[in-house]
Amino acid sequence: MKNGQAAIVIKNLTKKFNSFSAVSDISLTVARGELFGLLGPNGAGKTTLIKMLATLLKPTSGQAMISGFDVIKDRNEVRNSIGIVFQETALDNKLTGFENLDFHSVMYGMGKKARMKKIKEVLELVELSDKSDQLVEKYSGGMKRRLEIARGLIHEPKVLFLDEPTLGLDAQTRRHIWDYIKKLNSEKEITIIITTHYMEEADYLCDRVGIMDKGKIVAIDSPVNLKNTIGADIIRLEITGEYEIDIFKNFDFIKDIKKLNGLVNLSVTEGESKIPLLLKAAQDNNIKVISVTLNKPSLEDVFLKFTGKMIRENEANAQDINRENMRRGINR
Amino acid sequence: MKIINFNAIYILWLREMKRTWRAKSRIIATILMPLFFLAFLGFGFRRASIPGLPEDVNYSIFLVPGIIGMTMLFTSTIAGFSFLWDKEFGFLKEIMVTPVSRLSIVIGRIAGGATISIFQGLIILFLSYIFGFRIPGIFAFLLTFLLMLIISFTFIGMGLIFASRMKDIHGFSLIVNFVVFPIFFLSGAIYPLDEMPKFIRILTYIDPLTYGVDGLRNILIGSSTFPFLFDFAIMLLVCVIFLVVGSYLFEKSEVN
């Protein structure tokens, strides 16, 4: 892929807060019209990366081009060609939905006629036309999100950043927003970069997914290909007491073993036929198996493979919490 | 990109107007506070003999220019701080990511804040008719308006300086208690400064509002410590310095 055809080209991009690298040495190219996902736990550096691309933070080192414009040198051209929906709500609650959109379009230098036409159009797209004269403080969480997505589209950006667009929304609203995002991407041919820590979201939406951990992209491919790297089913054994995973190493059919406290994840093919063999081996070695689950591979498993941990927040270990606190303390 | 984007300045100004208009309880509170000062201090010390007070001026009248200065001080500082509120509620990011120059953003904000604080100052000026105060004439009124504008810009600039250096709104009450209130008390807004002990007088000379209040008093009741042009020149100088420094610091600040 030539740079001229790419929506985003990132080279060795790094952002340090004091000595802490929130984003370290990331290189990445996103094609025009691609729906690209950044998947990672809180504190992985997704938001910092997005903020650098959106010209809100200055990179410590490295380079990034959006639609051929440099995020450091051509800030205003970059700002003109991107739209962004932030992780936290960034609406003025004391203005109506319409006024929020109007404010935005004036700031982007649109004329009156173009503004009215575009605002009407995006309001219809997110189905908020009848609510546009209400103050935003009266909106529900889902409505606010939709309004923000609408706002991100008014000035017809070439690249749209969505930072955790469905965080904290109920399943139904989430589905709804996913459909908008797909529609936008296919109908308007907008390049979309979405960050998320929801596996289903990345799996359902994205053409390609980059898995981010500790400021680095550790794996990058389509969801299908990523799942294929697991190449197999996962048998998860829940075990009590002390045990050695060595006993499973004698089986040739086990491709990969991951131990996680009381859980052992085994990558195998045709998992259903291997369960009896494994259980017998466990019994022979006096290992107490409490439960067995067989999973067809998901992005969660891919994530576990590349980062050695689960993505869910409640499983974040002490080190991650520390990093998160550090990030918050510095970023505030 | 235009450095000065008038459409953006206008929409930023309009936003301030709408927000203020929709928070009516806040407008009422910011008008009632100076009104209470006028009423209670004025009536309370009506018969007191206050050394340094001009002979033919009663205390209620003496107080009016001071309370106008106070209104400008408080409303303008808060306006300068409003960036922090936007930061707290996330809207600042939305503003900062647009292709509008930081300078236009600052100007829009200053225009909005100054409009509101002048409006409140004028309300106090007119309401002081209740206490027997009379504006000397149209020229005096215009001059008062001009000086109010400069005082307003000065303290918006000051608010901006603090807001750019602070990470969140938690330090706001600290600034109000340890910066804004001393500026108010040391400005001579509610008592003449001539009788102050020497070391405090030095502080009053450092306080920019001293010159604002003294200037207002000169125009409105014809009594002052310094010549009017001196007050005016000092006020203008501080105003320019604060605005330039405030805008500079704001431009440098990153939105995280």
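The structure presented is a predicted model; accordingly, all values stated were derived computationally and were not measured.

Calculation rules
Residues numbered from 1 in each chain as written. Chains lettered and ligands numbered in written order. Predicted model: local features only at pLDDT ≥ 70, side-chain atom pairs only at ≥ 80, totals over all residues. Helix = DSSP H or I, 4+ residues; strand = E, 2+ residues; numbered from the N terminus. Buried ≥ 20, exposed ≤ 12 C-beta atoms within 10 Å, placed from the backbone. Contact = placed C-beta atoms within 7 Å. Core = buried A, V, L, I, M, F, W, Y, C linked by C-beta atoms within 7 Å. Nonpolar A, V, L, I, M, F, W, Y, C, P; charged D, E, K, R; others polar. pLDDT = per-residue confidence, 0-100. Expected span 1.5 Å × (residues − 1). Arc of directions from axis to C-beta. Pairing = 2+ DSSP bridges. Axes fitted to C-alpha atoms, helices over the stretch in contact; angles between N-to-C directions. Right-handed = clockwise from strand over helix to strand, strands pointing away. Parallel < 35°, antiparallel > 145°, perpendicular 65-115°, else oblique. Left-handed = near helix turned anticlockwise from the far one by under 90°.

**Topic: the overall build of chain A**
Helices and strands together make up the secondary structure of chain A, namely 11 helices and 14 strands. Overall, the C-alpha framework of chain A stretches about 80 × 45 × 40 Å when taken along its three principal axes. Counting every position in chain A, which comprises 332 residues, the buried fraction comes to 42%. Counting only contacts in chain A whose residues sit at least 6 apart along the sequence, the fraction spanning at least 24 positions is 69%.

**Side note on unusual backbone geometry**
Residues and elements named next belong to chain A. Positive phi, close to 55°, is recorded for Glu-127, a residue that is not glycine. Relative to the helices and strands, Glu-127 resides in the loop between helix 4 (112-125) and helix 5 (141-153). Here Glu-127 falls in the partly exposed class, since 13 other C-beta atoms lie within 10 Å of it. We note that Glu-164 has phi near 50°; this positive angle belongs to a residue other than glycine. Following the sequence through the fold, Glu-164 ends up in the loop between strand 7 (159-163) and helix 6 (171-187). Its 22 C-beta neighbours within 10 Å are what place Glu-164 among the buried residues.

**Some words on the nonpolar core**
Ranked by size, the top nonpolar core spans 148 residues in total, and within it A:Ile8, A:Leu53, A:Ile66, A:Ala150, A:Phe161 and B:Leu73 carry the most contacts. Considering each element in turn, this core owes the most residues, 15 residues, to helix 3 (residues 59-88) of chain B. The residues contacting A:Phe161, other than those within four sequence positions of it, are A:Ile50, A:Leu53, A:Ala54, A:Ile82, A:Ile84, A:Val85 and A:Ile193.

**Things to note about the interface of chain B and chain A**
Facing 23 residues of chain B, the contacting portion of chain A comprises 25 residues. In terms of residues, the side of chain B that touches chain A owes the most to one element, helix 1 (residues 6-22) of chain B, which gives seven residues. Tallied by class, residues from the side of chain B that touches chain A come to 10 nonpolar, four polar and nine charged.

**Thoughts on the confidence of the model for chain B**
Caution is warranted with low-pLDDT regions, since their predicted coordinates should not be read in detail. Of the residues in chain B, 98% have a pLDDT of 70 or more, and the chain-wide mean is 90. Taking the mean pLDDT of every element in chain B, the minimum, 89, falls on helix 2 (residues 24-44) of chain B and the maximum, 95, on helix 9 (residues 208-221) of chain B.

**Here's the deal with helix 6 of chain A**
Residues and elements named next belong to chain A. Here helix 6 spans 24 Å end to end across 17 residues, near enough to the 24 Å set by a 1.5 Å rise per residue. Looking at helix 6, one finds that the buried residues are Arg-174, Ile-177, Ile-181 and Asn-185. Burial along helix 6 is one-sided: seen end-on, the buried residues are contained in an arc of 75°. Set apart from the buried face of helix 6 by more than 90 degrees, the exposed residues are Gln-172, Asp-179, Lys-183, Ser-186 and Glu-187. Where helix 6 is buried, its residues touch strand 3 (35-39), helix 5, strand 7, strand 8 (191-196) and helix 7 (199-205).

**Some details on the sheet that holds strand 12 (residues 256-260) of chain A**
Residue and element names in this part refer to chain A. Spatially, the four strands line up as an open sheet ordered 12-13-11-14, and their pairing is antiparallel. The outermost strands of the open sheet, each flanked by one partner alone, are strand 12 and strand 14 (288-295). Across this sheet, the average inter-strand angle for adjacent strands is 20°, counted without regard to direction. The pairing of strand 12 with strand 13 (residues 263-268) spans five bridges and is classified as antiparallel. Residue Lys-258 lies in a different strand from strand 13, and its bridge partner there is Asn-265. Each of strand 11 (233-240), strand 13 and strand 14 touches helix 9 (residues 271-284); the most contacted strand, strand 14, lies at about 165° to it.

**Considering the confidence of the model for chain A**
Residue and element names in this part refer to chain A. A residue-level look at chain A finds 92% of positions with pLDDT of 70 or above and a mean pLDDT of 85. Within chain A, helix 11 (residues 318-331) has the poorest average pLDDT of any element, 50, and helix 3 (residues 97-107) the best, 96. The low-confidence segment residues 313-318 (pLDDT under 50) makes six contacts with residues lying over four places distant or belonging to another chain.

**Focus on the environment of A:Leu226**
Residues and elements named next belong to chain A. You can see Leu-226 is positioned in helix 8 (residues 223-230). Through-space distance from the C-alpha of Leu-226 to that of Ile-211 is 9.8 Å; in sequence the pair is 15 residues apart. Contacts of Leu-226, omitting those with residues within four sequence positions, involve Val-209, Ala-219, Asp-221, Leu-299 and Val-302.

**Quick word on helix 10 (residues 228-252) of chain B**
Helical geometry: 3.6 residues make up each α-helical turn, so side chains three or four residues apart lie on a common side. Residue and element names in this part refer to chain B. The terminal C-alpha atoms of helix 10, which comprises 25 residues, lie 36 Å apart, in line with the 36 Å expected from a rise of 1.5 Å per residue. Restricting attention to buried positions, one finds in helix 10 the residues Asp-231, Phe-232, Met-235, Val-238, Cys-239, Phe-242, Leu-243, Gly-246 and Ser-247. Looking at the packing, one finds that the buried side of helix 10 touches helix 3, helix 5 (102-127), helix 6 (138-165) and helix 9.

**Brief notes about the pairing of strand 7 of chain A**
All names here are of chain A. With respect to burial, strand 7 is a largely interior element, five of its five residues being buried. Relative to strand 7, strand 6 (residues 82-85) runs parallel, the two sharing four bridges. Bridging from a neighbouring strand, Ile-82 pairs with Val-159 of strand 7. Across five bridges, strand 7 lies against strand 8 in parallel orientation. Note that in strand 8 the partner of Leu-160 across the bridge is Ile-192. In this fold, the crossover linking strand 7 to strand 8 by way of helix 6 has right-handed handedness.

**Some thoughts on the packing of helix 8 of chain A against helix 10 (residues 299-307) of chain A**
Residue and element names in this part refer to chain A. Two numbers describe how helix 8 lies on helix 10: the axes approach to 9 Å, and their chain directions differ by 60°. It follows that helix 8 is oblique to helix 10 by the angle criterion. Classified by chirality, the crossing of helix 10 by helix 8 is left-handed. Contacts between helix 8 and helix 10 involve Pro-223, Leu-226, Lys-227, Thr-229 and Ile-230 from the first element and Leu-299, Asp-301, Val-302 and Lys-305 from the second. Residues of the contact of helix 8 with helix 10, tallied by class, amount to five nonpolar, one polar and three charged.

**Description of the environment of A:Ala202**
Residue and element names in this part refer to chain A. Within the secondary structure layout, Ala-202 lies in helix 7. Judged by C-beta crowding, with 26 C-beta atoms within 10 Å, Ala-202 ranks as buried. Expressed as a C-alpha distance, the spacing of Ala-202 and Ser-140, which sit 62 residues apart in the sequence, is 24 Å. Setting aside residues up to four positions removed in sequence, Ala-202 forms contacts with Gly-37, Leu-39, Thr-196, Val-209, Pro-223 and Leu-299.

**What to know about the sheet that holds strand 4 (residues 61-66) of chain A**
The strand order across the open sheet formed by four strands is 2-1-4-5 (chain A), and the pairing between neighbours is antiparallel. The two strands at the open ends of the sheet, each matched to only one other strand, are strand 2 (20-31) and strand 5 (69-70) of chain A.

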